[in-house]
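Residue-level structural notes
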Amino acid sequence: MITVVILYLVVVVVGTLGEMCLSRATKTIGEVHDFRPHAIARHVWAAMKVPWMWIGIAMMAAAFFALLGMLSMANASFVFPATALNYAVGAVGGKFFLKERVTMQRWIGVLIVCVGVVLVVIGKG
Amino acid sequence: MTSHPGRRLKTLVMMIIIICASPVGYTFVSKGMKQIDWEGWSLPNLLHFFVQAFTNGTIWLGIALLLGYFVAFLVVLSWADYSYVQPAASLSYLIVALLARYALHESVTPLRWAGVIIVCSGVFIVGQTHVRSHEDHPL
């Protein structure tokens, strides 16, 4: 049980922090306007030079392995919806780490996700 | 989004791939992972765990589907609005629960079904908000 909780925290917290690092890295190099393959490759190459990108990739890799670990010991009907809590971590992190303005509607959506996650967790089979 | 008929069909096909590939991928990964024993946090156990995971064909099939989902998501975003794609993708949570129940034969209680539907609703609402909160990003 404690292992599942640790892995869950890694998936939700580390995974979402990793995505935020990616967001920070990609925002520093600017928006993609040209969707031709070579232009996207050039954009990805530019992103790879930003340290935040590598920190993000490492965190997301850790989260993915934690997800694999969770799936080996818990039901998919629990794991997948429970990890939706990353919307809450993302909203809080977006506000305080990325300085985004999170709208009331987004907070309401996040709150509803949290209620759903609580029901998924307590609704054991 | 334009009303170009070819683009409409292309979008529909891509959305079906997006909505289905991720849940089916997770279902295969879950099925594969159930064939592997978690033996603890020690280094030899972790190495053994990873070797088992990455020599399992079912897990690779799941990972391939997840990669397919990721590519389809990026591709469809090149012409479709994020605010159109993301809410539709919230259906994935429901499809995972259905596959878990009927393909993996997991026991899903009514309370968990309610939770899954509420999660879908919450994700849908988050997806209805503006993609970008302000034009001049401080970073």
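See above for the structure.
Parameters at a glance
- Counting restarts for each chain: residues are numbered from 1 in the order of the written sequence.
- Think of it this way: whatever chain is written first is A, whatever ligand is written first is 1, and the rest follow in order.
- Totals for whole chains, interfaces and linings use every residue, but because this is a predicted model, local features are given only for residues with pLDDT of at least 70 and side-chain atom pairs only at 80 or more, for both listing and counting.
- Think of it this way: build a C-beta for each residue from its backbone, and any pair within 7 Å is a contact.
- Numbered from the N terminus, helices here are DSSP runs of H or I no shorter than four residues, and strands are runs of E no shorter than two.
- Amino acid classes used here: Ala, Val, Leu, Ile, Met, Phe, Trp, Tyr, Cys and Pro are nonpolar; Asp, Glu, Lys and Arg are charged; the rest, including Gly, are polar.
- Only the stretch in contact is used when a helix axis is fitted, and all axes are lines through C-alpha atoms; the angle between N-to-C directions ranges over 0 to 180 degrees.
- Geometric relationships in this document are graded by angle, where less than 35 degrees denotes roughly parallel, more than 145 denotes roughly antiparallel, 65 to 115 denotes roughly perpendicular, and other angles denote oblique.
- Two helices cross in a left-handed way if the nearer one is turned anticlockwise from the farther one by less than a right angle. They cross in a right-handed way if the turn is clockwise.
- Nonpolar cores are built from buried Ala, Val, Leu, Ile, Met, Phe, Trp, Tyr and Cys residues. These are joined into a set through C-beta atoms within 7 Å.
- Three exposure classes are used. Buried residues have 20 or more other C-beta atoms within 10 Å of their own C-beta, exposed residues have 12 or fewer, and partly exposed residues fall in between, all C-beta atoms being placed from the backbone.

Facing 36 residues of chain A, the contacting portion of chain B comprises 39 residues. Listing elements by their share of the side of chain A that touches chain B, those giving two or more residues are helix H1 (2-29), helix H3 (51-73), helix H4 (76-82) and helix H6 (104-122) of chain A. The dominant element in the side of chain A that touches chain B, judged by the number of residues it contributes, is H6(A), at 13 residues. Residue classes in the side of chain A that touches chain B are distributed as 18 nonpolar, 11 polar and 7 charged.

All names here are of chain B. Residue position: Gly-68 is located in helix H3 (residues 57-76). Along the primary structure Gly-68 and Ala-21 are separated by 47 residues, whereas in three dimensions their C-alpha atoms are 6.9 Å apart. Apart from the residues within four sequence positions on either side, Gly-68 is in contact with Ile-17 and Ala-21.

The next thing to look at is the packing of H1(A) against helix H2 (residues 37-48) of chain A. Helix-helix packing: each pair is described by the crossing angle between the helix axes and the interaxial distance. Residue and element names in this part refer to chain A. Contact geometry for H1 and H2: axes closest at 9 Å, N-to-C directions at 115°. Relative to H2, the element H1 is oriented roughly perpendicular. Both H1 and H2 take part in a crossing whose hand is right-handed. Where H1 abuts H2, its residues Ala-25, Thr-26 and Ile-29 lie against His-43, Ala-46 and Ala-47.

Moving on, we get to the environment of Val5(A). As for its position among the elements, Val5(A) is in helix H1. Spatially, the C-alpha atoms of Val5(A) and Ala62(A) are 15 Å apart, while their sequence positions differ by 57 residues.

Their axes nearest at 7 Å, the elements H6(A) and helix H6 (residues 110-127) of chain B cross at an angle of 165°. With respect to H6(B), the axis of H6(A) lies roughly antiparallel. The interaxial crossing formed by H6(A) with H6(B) has left-handed handedness. Class assignment of the residues belonging to the contact of H6(A) with H6(B) gives a composition of 17 nonpolar, 6 polar and 2 charged.

Turning next to the nonpolar core. In terms of nonpolar packing, the biggest core is built from 63 residues, with Met70(A), Leu71(A), Ala84(A), Tyr87(A), Val113(A), Tyr93(B) and Val119(B) touching the most fellow members. At 9 residues, H1(A) tops the list of elements feeding residues into this core. Residues contacting Tyr87(A), with those up to four places away along its chain left out, are Val110(A), Val113(A), Gly122(B), Val123(B) and Val126(B).

Note that all results are geometric; they support no functional claim without further evidence.
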